[in-house]
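Residue-level structure breakdown
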Amino acid sequence: MSTIALTPMLGGLRELPPLSLYVHVPWCVRKCPYCDFNSHEVKGGFDEDGYVQALFADLETELPNVWGRPVRTVFIGGGTPSLLSAGAMETLIQGLRARLRIDPDAEITLEANPGTFESDKFKGFRDAGVNRLSIGIQSFEPAKLASLGRIHNGDEARRAVEIALTHFDNVNLDLMYALPHQTLEQAMADLDTALSYGITHLSAYHLTLEPNTLFAVQPPANLPDDELSADMQEAIEQRLAEAGFEHYETSAFCMPGKQSRHNLNYWQFGDYLGIGAGAHGKISYPDRIERTMRFKQPTAYLKAVAEGAPAQSRSKVARADLPFEFMMNLLRLTGGFEARLFAERTGLPLVLIEPALREAEAQGLIERDLTCIRPTLQGQRFLNDLLTLFLKE
């Protein structure tokens, strides 16, 4: 059963969307200068057993809000959650299954960085129940890795992929392009190296200078200009298409049937519990949709968990904001979405956004028929312009 039937309510949801779980592990070996995620340098280690128990206590505060709902996917992200030991990972996954109705065939993803790879440890992750890895490679070229502040080199990146594929058959690699001093040929060499391993999923991200990062304050020199960056993007998309990859989301590519089920749930405006320092969540109820956020700083988070109140904020999504929030996710999917999903996931009639849809169609940013709404190639390239049409006035 993919959803739970509910008594229809005026302006509410007739059934709840699929539910996922996100678990955040905030520590990393070193903070990268481009990273705007909630990550904190280890600086002498951390109490992994204490943190896992805090995650359980955090989860238990949310159980009444999702009682009985099946969990389709689990994503353990960070930070660098592969810093956890295999024993801690086993305790974590067993504890999650003891508290939630996690599907027997749930996709359980672990984020990992090459600097933390040991073969026996990753075999232990697999034995613990992890069945998908997402590896932050970013580049295979030593000079580019150094410019990004990564702790691994090219050889360690290659070794990480080899170890991963020894124990897992579902592996994603993250690559970045438009890096300092990067040429088109170098960007394509990174991509070709990744493809040479026979992976089935790849995420390709344009390096962006996010606020509140070191790169925002001290931008790296010799970044490719907009024209070269666009050339890189087009060449990457073409090469991946030639290799049989489907471009199914703005930055995500996969072989047929190998989409990230967890991320698809985000992009289809599904629900997700978020536990751990700084984790965000989205939970639907028959009459409302709420967003939650945990305390970011690990010490503040652990204190809040001990006091029984790990959520720093819990807010209802305003009715006027729902169209934009829905479209911000669904229009990232290159194949678009079934029109019926708008009412199913927001509780609002599609006619409410008809003026914005007509304007987007007139500008050549979307195309649609009676059942499907999808961004055009121009809409994909100018996604922010497209989304602006759905902002409340």
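Before reading further, recall that the structure is shown in the block above.
Here goes a summary of the coordinates provided. All of these numbers come straight from a predicted model, not from anything done at the bench. (Residues numbered from 1 in each chain as written. Predicted model: local features only at pLDDT ≥ 70, side-chain atom pairs only at ≥ 80, totals over all residues. Heavy atoms only, no water.)

Re the overall build of the protein chain
When you go through the protein chain residue by residue, the secondary structure sums to 15 helices and 19 strands. With respect to the three principal axes, the spread of C-alpha positions in the protein chain is 60 × 50 × 40 Å. The contacts in the protein chain between residues at least 6 apart in sequence include a share of 70% that link residues at least 24 apart. Surface accessibility of the protein chain: about 17,500 Å² in total, with carbon and sulfur atoms responsible for 52%. (Helix = DSSP H or I, 4+ residues; strand = E, 2+ residues; numbered from the N terminus. Contact = heavy atoms within 4.5 Å. Areas by Shrake-Rupley, 256 points an atom, 1.4 Å probe, with all protein chains shown as cover.)

Re the nonpolar core
Among the nonpolar cores identified, the biggest contains 69 residues, and Leu21, Met89, Leu92, Leu96, Leu100, Phe117 and Leu133 are the most heavily contacted of them. Counting residues per element, this core draws most heavily on helix 1 (residues 48–66), which supplies eight residues. Setting aside residues up to four positions removed in sequence, methionine 89 forms contacts with Ile76, Pro81, Leu84, Leu110, Phe125, Ala128 and Val130. (Core = buried A, V, L, I, M, F, W, Y, C linked by side-chain atoms within 4.5 Å. Buried < 20%, exposed > 50% of the residue type's maximum accessible area, 1.4 Å probe, protein only.)

Quick notes on the pairing of strand 11 (residues 246–249)
Two strands pair when backbone bridges link them, and strand 11 and strand 12 (residues 252–254) are joined in this way by three bridges, in the antiparallel orientation. Looking across to strand 12, one finds that glutamate 246 is bridged to cysteine 254. (Pairing = 2+ DSSP bridges.)

Describing the pattern of salt bridges
Considering all chains together, one arrives at 21 salt bridges under this definition. Between aspartate 58 and arginine 294 there is a salt bridge; the shortest N-O distance is 2.7 Å. Taken as a pair, aspartate 58 in helix 1 and arginine 294 in strand 15 (residues 288–294) lie far apart in primary sequence, 236 residues in all. A residue is classified by how much of its surface remains accessible, and aspartate 58, at 0% relative accessible area, is buried. Ionic pairing is found between glutamate 325 and arginine 291, a salt bridge with its closest N-O pair at 2.6 Å. Here the residue glutamate 325 occupies a position in helix 11 (residues 322–330), and arginine 291 occupies one in strand 15, the gap between them amounting to 34 residues. The buried category is assigned to glutamate 325, whose relative accessible area is 16%. (Salt bridge = Lys/Arg side-chain N within 4 Å of Asp/Glu carboxyl O.)

Quick word on the pairing of strand 14 (residues 280–285)
Of all six residues in strand 14, five are buried, a share of seventy percent or more. The pairing of strand 14 with strand 15 spans six bridges and is antiparallel. Across the sheet, histidine 280 pairs through a bridge with methionine 293, a residue of strand 15. Between the antiparallel neighbours strand 14 and strand 15 lie two residues.

With respect to the sheet that holds strand 17 (residues 337–338)
Strand order in the open sheet formed by three strands is 17-19-18, and the pairing between neighbours is antiparallel. The sheet is open, and its two borders are formed by strand 17 and strand 18 (366–368), each paired with just one other strand. Here strand 18 runs beside strand 19 (residues 372–375); their pairing, made up of three bridges, is antiparallel. Each residue of the ladder has a partner; that of glutamate 367, found in strand 19, is arginine 374.

Let's talk about helix 1
In this model, helix 1 (19 residues) spans 26 Å end to end at C-alpha, consistent with the 27 Å of a helix rising 1.5 Å per residue. Along helix 1, the sharpest change in direction is near 30 degrees and occurs at glutamate 60; proline proline 64 comes one to four residues later. Every buried residue of helix 1 is listed here: Glu48, Tyr51, Val52, Ala54, Leu55, Phe56, Asp58, Leu59, Glu62, Leu63 and Val66. Among the residues of helix 1, the N-terminal cap falls to aspartate 47, whose side-chain oxygen and the backbone nitrogen of aspartate 49 are separated by 3.4 Å. Just beyond helix 1, the residue with positive phi is glycine 68, at close to 85 degrees. (Expected span 1.5 Å × (residues − 1). Bend = angle between axes of the 7 residues up to and from the residue. Polar contact = N/O pair within 3.5 Å; in protein donor to acceptor, adjacent residues only side chain to side chain.)

What to know about the side chain of aspartate 174
Mapped onto the elements of the fold, aspartate 174 is located in strand 9 (residues 171–177). Notably, aspartate 174 is buried but unbridged: the nearest opposite-charge side chain belongs to arginine 132, and the N-O separation is 7.5 Å. Of note is the side chain of aspartate 174, whose polar atom sits 3.0 Å from the side chain of asparagine 172. In this structure, aspartate 174 is in contact with Ser134, Ile135, Gly136, Ile137, Gln138, Ser203 and Tyr205, ignoring residues within four places of it in sequence. (Lys, Arg positive; Asp, Glu negative; His and termini not counted.)

Details of the packing of aromatic side chains
The tally for this structure, following the rule as stated, stands at 12 aromatic pairs. Measuring from centroid to centroid gives 4.3 Å for tryptophan 27 and phenylalanine 46, while their planes differ by 10 degrees, and the two rings are stacked. Of the two residues, tryptophan 27 is situated in strand 4 (residues 27–28) and phenylalanine 46 in the loop between strand 5 (40–41) and helix 1; the sequence distance between them amounts to 19 residues. Classification of tryptophan 27 by relative accessible area gives buried; the value is 9%. A centroid spacing of 5.2 Å and a plane angle of 85 degrees characterise the contact between phenylalanine 326 and phenylalanine 342, whose relative ring orientation is edge-to-face. Note that phenylalanine 326 is positioned in helix 11 and phenylalanine 342 in helix 12 (residues 340–346), a separation of 16 residues in sequence. Both residues of the pair, phenylalanine 326 and phenylalanine 342, count as buried. Ring-pair connections join several aromatic residues into one group, and the members of that group are Trp27, Phe46, Tyr51 and Tyr301. (Phe/Tyr/Trp six-rings, centres within 6.5 Å; stacked < 30°, edge-to-face > 60°.)

Observations regarding the environment of arginine 159
Here arginine 159 shows up in helix 5 (residues 154–167). Arginine 159 sits in the partly exposed class, given a relative accessible area of 44%. C-alpha of arginine 159 to C-alpha of phenylalanine 117: the two residues are 42 residues apart in sequence and 8.2 Å apart in space.

A few points about helix 3 (residues 119–128)
Inspection of helix 3 places Lys121, Phe122, Gly124, Phe125 and Ala128 among the buried residues, and these make up the whole buried set. For helix 3, the arc enclosing every buried residue in end-on projection is 150 degrees, short of the 170-degree limit, so these residues lie on one face. Away from the buried face of helix 3 by more than 90 degrees, exposed residues Asp120 and Asp127 are located. For helix 3, the secondary structure elements touched by its buried residues are helix 2 (86–99), strand 7 (101–112), strand 8 (132–138) and helix 5. Where helix 3 terminates, the next one or two residues include glycine 129, which has phi positive at roughly 125 degrees. (Arc of directions from axis to C-beta.)

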